[in-house]
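The residues making up each chain are set out below.
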Amino acid sequence: MGHNAVQPSTLMSDFLRQCGGYAVIDGGLATELERHGADLNDPLWSAKCLISSPHLIRKVHLDYLEAGANIIISASYQATLQGFEAKGLSKEEGEALLRRSVEIACEAREMYHNIGCKVSWDATGNGEILKQRPVLVAASVGSYGAYLADGSEYSGIYGDAVTLEALKDFHRRRVQVLAESGADIIAFETIPNKLEAKPYVLISVGFLQAFAEILDEEDIKIPAWFSFNSKDGVNVVSGDSISECASIADSCKQVVAVGINCTPPRFIHGLIQAIGKVTTKPVLIYPNSGETYDAERKQWVQSAGVGDEDFVSYVGKWCEDGACLIGGCCRTSPNTIRAITKALSSRSSSATTIQF
Ligand SMILES: [Zn+2]
């Protein structure tokens, strides 16, 4: 591994300190783009908008910043060089779109800081220093299952030809490009877990292993987070234990936070506790609205969802469990993030940062 300019461990601890102890992650990106009318019924999902409507992506990032987000996640979740190639784009064009996803998020941050003028005063030093609210841009990397676009990031079942080397080859260039794109951190998201069928048992761990090895071998200069998803509150979706997954994340030097995303809020409490037993790294959680995704019909089934108020009623508990980065995933909105921001601001140490 090469020498990083910023030690991965200090990036996250410095950032959390600047945020007053708790940071707000943004909400669902793809589902929010859809709410604004984007048709994402496409193997590229939200990455389709990188081609058709980048301005809409920027608007949604800005909406989340205005709602209080400290971290915005790029539209690269389902953006892969292989997926772009299937649309007839060249490798160079695909790489440019990956970079563009991060640029759009950086543009939104700049616009927010310039035009929004949301400032806070840091009065802890000698005199008053004008300080902008800290905002990180995270480059999203979805799983191989997300690329398959058949919902298999919710099952972890990829088929028997998928080996560790194949997964590494699949992700290597994409991770390299995103790492050089100006993002502050790579968000490996919605990593599927426990596998029902025996031949696949090692694959989801292998997938995580693939990310960990790429980070190590390719001299990736920015840190990363690993975020898993669960359907039962005990294991990751493929069936591997959350402890095993969080332990792998814990052993990877480049990984500065570990957690859960795109999982119903009711499962989060137990998962935070399980993660906390195997790592001292900051724990992040950004659950979905609690609705379930029907991959066959490509629809969210609404009945099981929780409203923004219910979602936010969990926030205090999650903090007590040990989570310090909190946001939302699919079907959450700027309103959810606004409510999370409010709930967290009462917990953040007001001694260091006063927000206007
Ligand atoms: Zn999600």
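About the criteria used
- Residues numbered from 1 in each chain as written.
- Predicted model: local features only at pLDDT ≥ 70, side-chain atom pairs only at ≥ 80, totals over all residues.
- Heavy atoms only, no water.
- Helix = DSSP H or I, 4+ residues; strand = E, 2+ residues; numbered from the N terminus.
- Buried < 20%, exposed > 50% of the residue type's maximum accessible area, 1.4 Å probe, protein only.
- Contact = heavy atoms within 4.5 Å.
- Areas by Shrake-Rupley, 256 points an atom, 1.4 Å probe, with all protein chains shown as cover.
- Salt bridge = Lys/Arg side-chain N within 4 Å of Asp/Glu carboxyl O.
- Donors = N, O, S within 2.8 Å, 3.2 Å for Na, K, Ca; no water.
- Pairing = 2+ DSSP bridges.
- Right-handed = clockwise from strand over helix to strand, strands pointing away.
- Arc of directions from axis to C-beta.
- Lys, Arg positive; Asp, Glu negative; His and termini not counted.
- Polar contact = N/O pair within 3.5 Å; in protein donor to acceptor, adjacent residues only side chain to side chain.
- Axes fitted to C-alpha atoms, helices over the stretch in contact; angles between N-to-C directions.
- Parallel < 35°, antiparallel > 145°, perpendicular 65-115°, else oblique.
- Left-handed = near helix turned anticlockwise from the far one by under 90°.

J.: Would you mind showing me how to read the overall build of the chain here?
T.: Check the secondary structure of the chain and you find 14 helices and 13 strands. Out of the 356 residues in the chain, the part that is buried amounts to 58%. A separation threshold of at least 6 residues defines the contact pool for the chain, and within that pool the share at least 24 residues apart is 78%. About 14500 Å² of surface is accessible on the chain, with carbon and sulfur atoms providing 51% of the total.

J.: Explanation requested: the pattern of salt bridges in the structure shown.
T.: Oppositely charged side chains are able to pair whenever their charged atoms sit close together. Tallying each qualifying case throughout the model produces 18 salt bridges. Across the pair Arg-35 and Glu-32 runs a salt bridge, and its minimum N-O distance is 2.7 Å. Of the two residues, Arg-35 and Glu-32 are both situated in helix H2 (residues 30–35); the distance of three residues between them amounts to about one turn of the helix. For Arg-35, a relative accessible area of 59% translates into the label exposed. In this structure, Lys-168 and Glu-217 form a salt bridge, with 3.0 Å as the shortest nitrogen-oxygen distance. One end of the pair, Lys-168, is in helix H8 (residues 164–179); the other, Glu-217, is in helix H9 (residues 203–217), and 49 residues separate them in sequence. Residue Glu-217 is classed as partly exposed on the basis of its relative accessible area of 44%.

J.: What am I meant to see in the coordination of the zinc ion here?
T.: Four donors placed tetrahedrally about a metal ideally form angles of 109.5 degrees, and six donors placed octahedrally ideally form angles of 90 or 180 degrees. Taken together, Cys-262 (SG), Cys-329 (SG) and Cys-330 (SG) make up the full set of protein donors to the zinc ion, lying 2.2 to 2.3 Å away. Considered as a linear motif, the donors of the zinc ion on their single chain read C-x66-C-C. For Cys-329, a relative accessible area of 8% gives the class buried. Owing to a relative accessible area of 6%, Cys-330 belongs among the buried residues under this scheme.

J.: Would you explain the pairing of strand S8 (residues 255–261) in this entry?
T.: Walk down a regular strand and you will see the side chains alternate between the two sheet faces. Among the seven residues that make up S8, seven are buried, leaving the element largely enclosed by the rest of the structure. Taken together, the five bridges between strand S7 (residues 224–228) and S8 define a ladder with parallel strand orientation. Note that in S8 the partner of Trp-225 across the bridge is Ala-257. Between the parallel elements S7 and S8, the chain passes through helix H10 (residues 242–251) in a crossover that is right-handed.

J.: Please explain H10 as it appears in this structure.
T.: The α-helix advances 3.6 residues per turn, and as a result positions three or four apart in sequence lie on the same side. Three or more residues of H10 are buried, namely Ile-242, Cys-245, Ala-246, Ile-248 and Ala-249. Looking straight down H10, one finds that the buried residues subtend no more than 155° of arc, so they occupy a single side.

J.: I keep staring at the side chain of Arg-133 and nothing clicks. Help me out?
T.: Examined against the element boundaries, Arg-133 turns out to sit in the loop between strand S4 (129–132) and strand S5 (136–141). Within the buried core, Arg-133 has no salt-bridge partner, and the shortest N-O distance to an opposite charge, that of Glu-66, equals 9.0 Å. Within the local environment of Arg-133, its side chain forms a polar contact with the backbone oxygen of Ala-69, the two atoms lying 2.8 Å apart.

J.: What is the right way to read the sheet that holds S8 from this model?
T.: Whenever strands of a sheet pair, they do so through backbone hydrogen bonds, lying parallel or antiparallel. A sheet is described by the order of its strands in space; here eight strands give the open sequence S1-S12-S9-S8-S7-S6-S5-S2, paired in parallel fashion. Strands with a single pairing partner mark the edges of an open sheet, and in this sheet they are strand S1 (23–24) and strand S2 (71–73). Sheet topology places strand S9 (residues 283–286) next to strand S12 (residues 323–326); three bridges connect them, and they run parallel. Bridge pairing in S12 links Leu-284 to Leu-325.

J.: Sorry if this is basic, but what is going on with the packing of H10 against helix H11 (residues 268–278) here?
T.: When two helices pack together, their arrangement is given by the angle between their axes and by how far apart the axes lie. Running from amino to carboxyl end, H10 crosses H11 at an angle of 45°, the nearest separation of the two axes being 9 Å. Comparing their axes, H11 and H10 come out oblique. In the crossing of H10 with H11, the sense of the turn from one axis to the other is right-handed. Residues Ile-242, Ser-243, Ala-246, Ser-247 and Asp-250 of H10 pack against Leu-271, Ala-274, Ile-275 and Val-278 of H11.

Without other data, these values stay purely geometric and don't point to any function.
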